[in-house]
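# Inside the fold
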Amino acid sequence: MTLFGKLNTLLRAGARESVEHITDANAIRIYRQEVADAENLLLRRRSCLAGLIATRRDLEIEIHSAQQRICNREGQVARIPVDQRSEQLLLLAARDISATQTHLALLEQRRATLVERIESEELTLRKLVAEIREHRREVTVLGAQLSAVRSSGGGSCGNTVAAHIASLRET
């Protein structure tokens, strides 16, 4: 290895060690910010879930409307006196009902898929909320431990706090 290569390696090692020192010294602050970032992402996911629920409601309204259209069309045909029912009129009504039933089947399929997605997202959000709540508690405990260490003048427990935070991140 050339002299410049070794010098480059030395500079990179110094930069890495400096970053590690800063990161270790501010581990709890970083951890708090990561929890805050996770909470912001959770809020965005909740907003997306609200959009999915609104879409489901719109689909349910459209499904109800299609069902009403079929009932109305069947009622219209039933109200026409038998002697006035032409084959062409019955064929038009049958086509309209058939098209509406096809559309209704697609709407119900979309709704079922959406319901599954909403249920899955709700379960995921519940898990995330519980996990974030646990991390929030852990930050509080670690902050209290660090305050106790600082007030007692000891410095050796700072490494265990940082190690504990690293362990939590890996988990």
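This text goes with the structure placed above it.
Residues numbered from 1 in each chain as written. Predicted model: local features only at pLDDT ≥ 70, side-chain atom pairs only at ≥ 80, totals over all residues. Heavy atoms only, no water.

### Looking at the overall build of the chain
Secondary structure assignment for the chain yields four helices and zero strands. Helices (α) and strands (β) of the chain occur, in sequence order from the N terminus, as α-α-α-α. Considering only contacts in the chain between residues 6 or more positions apart, those separated by 24 or more positions represent 83%. If you sum the accessible surface of the chain, you get close to 12,500 Å²; carbon and sulfur atoms cover 56% of it. (Helix = DSSP H or I, 4+ residues; strand = E, 2+ residues; numbered from the N terminus. Contact = heavy atoms within 4.5 Å. Areas by Shrake-Rupley, 256 points an atom, 1.4 Å probe, with all protein chains shown as cover.)

### Section: the nonpolar core
Within the largest apolar cluster, 21 residues are counted, with the highest numbers of intra-cluster contacts made by Y31, V35, L42, L104, L114 and I118. Going through the elements one at a time, α2 (27-79) and α3 (87-152) are the ones with two or more residues in this core. Each residue touching L104, except ones within four places of it in the same chain, is listed here: I63, A66, Q67 and I70. (Core = buried A, V, L, I, M, F, W, Y, C linked by side-chain atoms within 4.5 Å. Buried < 20%, exposed > 50% of the residue type's maximum accessible area, 1.4 Å probe, protein only.)

### What to know about the environment of E74
Looking at where E74 falls in the secondary structure, it is placed in helix α2. Each C-alpha atom of the pair E74 and I97 lies 7.9 Å from the other, and the pair is 23 residues apart in sequence.

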